[in-house]
Amino acid sequence: MAFYVGFDSSTQSLTATVIEAGDGERRVILDATIVFDDALPGYRTRHGVVTSDGRTVTAPPGMWAEALDLMMGQLRDAGLDLRRIRAISGAAQQHGSVYLTAAAAPILSDLNPQLALARQLDGAFSRAMSPVWLDCSTGVECRALTDAVGGDAALARLSGSRAYERFTAAQIRKFAVGDAPAYAQTARIHLVSSFMASLLCGADAPVEPGDASGMNLMNLETHEWAPAALAATAPDLLRRLPPIRPSWTIAGVLSPYWQHRYGFPPARIVSWSGDNPSSLVGLGLIAEGQLGISLGTSDTVFAPRTAPSTDPHGAGHVFGSPAGGYMALTCFANGSLARERIRARYGLDWPAFSSHLSATPPGNGGGLLVPWFVPEITPGISRPGPHRYALGPEDAAANVRAVVEGQALSMRLFSTWFAPEVGAIRATGGAAANREILQVLADVFDAPVVRIAPRNAAALGAALRAFHADRLAAGESVPWPEVVAGFTDPAPDGEIRPRPAAVAVYAGVLPRYAQAIAALLNG
Ligand code: XUL
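The rules behind each value
- Residues numbered from 1 in each chain as written.
- Predicted model: local features only at pLDDT ≥ 70, side-chain atom pairs only at ≥ 80, totals over all residues.
- Heavy atoms only, no water.
- Domains from an automatic or database assignment.
- Contact = heavy atoms within 4.5 Å.
- Buried area = accessible area lost by both parts, 1.4 Å probe.
- Salt bridge = Lys/Arg side-chain N within 4 Å of Asp/Glu carboxyl O.
- Polar contact = N/O pair within 3.5 Å; in protein donor to acceptor, adjacent residues only side chain to side chain.
- Nonpolar A, V, L, I, M, F, W, Y, C, P; charged D, E, K, R; others polar.
- Helix = DSSP H or I, 4+ residues; strand = E, 2+ residues; numbered from the N terminus.
- Buried < 20%, exposed > 50% of the residue type's maximum accessible area, 1.4 Å probe, protein only.

1. Remarks on the domain arrangement of the chain
What the domain assignment lists for the chain is domain 1 (2-277) and domain 2 (336-450 + 494-522). Here domain 1 and domain 2 have C-alpha centroids that lie 31 Å from each other. Facing 9 residues of domain 1, the contacting portion of domain 2 comprises 5 residues. A combined buried area of about 570 Å² lies between domain 1 and domain 2, and 69% of that area is made up of carbon and sulfur atoms. The tally of links from domain 1 across to domain 2 stands at 0 salt bridges. On the surface where domain 1 and domain 2 come into contact, there are 0 residue pairs in polar contact (both at pLDDT 80 or more). Its residues assigned to classes, the side of domain 1 that touches domain 2 shows 4 nonpolar, 3 polar and 2 charged.

Here you go:
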């Protein structure tokens with residue numbers, strides 16, 4: 001049977017998930033991760049990024065390329081029968097962008113397999129550091145874009161979101177205005193996803209509607225670049241952007257570089273998508289009704305949608321779904337970074353963090369924490385700082401519970417615009433391994449939380465998308481429920497049920513938490 005590879009180039013790491021799929025057995029056969037800070041310390045990133053002034057957050061694109069090179073070597077060394085790999089796709093952190101010179105295309109099409117990839121990229125980048133989703137330095141650019149397009153609601157109707165600082169349009173504008181000569185040297189602006197796909201193809205890959213809707217530049221309904229948004233962003237932008245193609249587009253085949261360097265076959269390269277759209281597929285969220293929660297560097301709450309209706313308060317997004325239709329999403333910057341701050345502050349390891357959570361009561365005896373350790377996306381808070389209510393900073397156990405409860409209450413509060421009633425939740429991301437955290441989510445949302453067996457839903461979703469597109473290219477349209485079947489079923493110990501007494505406690509805490517946030521926003 002054929003193998004399919006899915007990558008997840010996330011904020012802090014690169015993961016590869018290899019699946020075996022076809023008519024018979026369907027299973028994950030390999031799962032490997034490279035953590036950027038540990039494996040590639042020369043780039044001097046912390047948690048995969050470089051933060052310069054508290055607001056400007058970037059990452060070196062050469063690091064992502066080098067990680068891909070290392071990972072392809074690991075796949076070769078894992079003892080897989082590489083010849084069985086039929087197609088490869090991927091997912092990447094959303095919104096981040098990579099700026100290439102005219103020299104990049106000939107460099108990528110003519111790589112020397114004797115040499116490491118990153119060593120050959122000199123002269124390929126017109127912007128040395130890529131802005132990433134944690135950046136919040138583009139308030140001025142967001143206002144210019146919003147005004148030019150006719151206000152928040154008009155831009156949200158057009159592109160699926162009001163202007164956001166991390167979205168690609170604002171980041172492109174900042175570069176085009178702030179460094180016009182380098183912008184003039186830019187021949188192509190890729191998303192992280194289409195950049196990574198281009199490295200595999202050795203040629204320019206397209207973007208697809210799932211990730212392109214994180215740019216404030218695409219008309220969400222027609223899946224075309226929106227002229228008004230392009231004009232408001234930067235001069236002569238259209239020719240610098242990749243074409244938008246359906247998510248199942250075959251972008252090319254694995255280039256000779258990878259074939260000769262590691263012995264891979266000329267596998268099909270399927271368009272990469274964003275990590276959240278890909279997680280939608282990897283969690284098996286194909287039809288409306290269920291909610292996905294990803295507990296990663298960012299925490300995100302999302303669900304598939306048939307219509308592109310946006311958040312009336314502008315706190316969330318509508319993206320294209322790579323399985324067709326749309327997805328609603330709300331994103332929180334204070335995900336694992338906030339959990340990590342609390343863990344480190346009280347000198348705990350993760351088992352001790354979990355024990356503290358089990359040892360404390362739901363509702364935390366009235367103690368609350370609004371966990372804005374870094375600038376927050378939802379709601380938009382540029383001046384970070386956690387806020388404690390009836391909670392002493394010295395009590396480790398209460399602070400552990402407070403950070404997890406604050407995050408869960410925020411998720412509940414800011415997802416009601418697309419999920420007023422929640423039937424069940426599917427969880428992924430590193431912190432989804434922690435049963436106690438999932439119990440808090442189940443109790444706050446009053447819904448069972450289900451874990452699927454594979455660890456990384458974004459990478460699994462990419463492998464499943466590779467399978468779907470490969471079959472489609474061969475003339476066989478496999479329906480999405482069949483694509484995901486056998487991979488996204490709940491893990492045997494997977495379901496965590498809400499506890500009625502805790503649900504009642506949180507029903508009382510939620511309005512208090514909402515009031516605290518409202519007071520902070522108005523204050
Ligand atoms: C989503 C977002 C984050 C990144 C993280 O809008 O900004 O979830 O995709 O990788």
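2. Re the pattern of salt bridges
In total, this model carries 18 salt bridges according to the counting rule given. Where Arg 84 meets Glu 20, a salt bridge forms, and the shortest distance between an N and an O atom there is 2.9 Å. Here Glu 20 lies in strand β2 (residues 13-21) and Arg 84 lies in the loop between α2 (61-77) and β6 (85-92), a separation of 64 residues in the sequence. Under the relative-accessibility criterion, Glu 20 is labelled buried at 7%. Where Asp 236 meets Arg 239, a salt bridge forms, and the shortest distance between an N and an O atom there is 2.9 Å.

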